[in-house]
Amino acid sequence: EIFDRVVQGRYNCLILPLDPNRGYNTGFAFINFMDCQSIIPFYQAFHGRPWSSTEDHKGSTKVIELRYSSCQGTSKLLKRWGPSS
């Protein structure tokens, strides 16, 4: 929902891996954009911004940092991070 305000319809895959032992997310996510131009508004809106500035994470000290992944493409992301991994 937060991302859709900036890039709705511009990505086709969002993966937020969970730690099976703790039941919390691992602190990173993968988003697969449908074209490289869509990365720019997303980067400008989120990179370097405190996570606490998002509605559901008040009080967090974490900062959003965006990086390219060595794993590119929906099929590769799902193979590596999908439900069976």
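It should be noted that the structure appears before, not after, this text.
Reading the values: the criteria
- Residues numbered from 1 in each chain as written.
- Predicted model: local features only at pLDDT ≥ 70, side-chain atom pairs only at ≥ 80, totals over all residues.
- Heavy atoms only, no water.
- Helix = DSSP H or I, 4+ residues; strand = E, 2+ residues; numbered from the N terminus.
- Buried < 20%, exposed > 50% of the residue type's maximum accessible area, 1.4 Å probe, protein only.
- Contact = heavy atoms within 4.5 Å.
- Areas by Shrake-Rupley, 256 points an atom, 1.4 Å probe, with all protein chains shown as cover.

(A) Spatial organisation of the overall build of the protein. Secondary structure summary: the protein contains three helices and two strands in total. Helices and strands appear in the protein in the N-to-C order α-β-β-α-α. Every one of the 85 residues in the protein was classed for burial, and the buried ones make up 22%. For the protein, the share of sequence-separated contacts (at least 6 apart) that also reach a separation of at least 24 residues comes to 40%. For the protein, the exposed area adds up to about 6,500 Å²; of that, 52% sits on carbon and sulfur atoms.

(B) Representation of the environment of lysine 62 within the structure. Structurally, lysine 62 can be placed in the loop between helix 2 (39–46) and helix 3 (74–81). Here the alpha-carbon distance between lysine 62 and glycine 48, two residues 14 residues apart in the chain, equals 9.7 Å.

(C) How the structure looks around the side chain of asparagine 32. For asparagine 32, the location among the structural elements is in strand 2 (residues 30–33). Apart from residues lying up to four places away in sequence, asparagine 32 is in contact with Tyr11, Asn12, Cys13, Gly73, Thr74 and Leu77.

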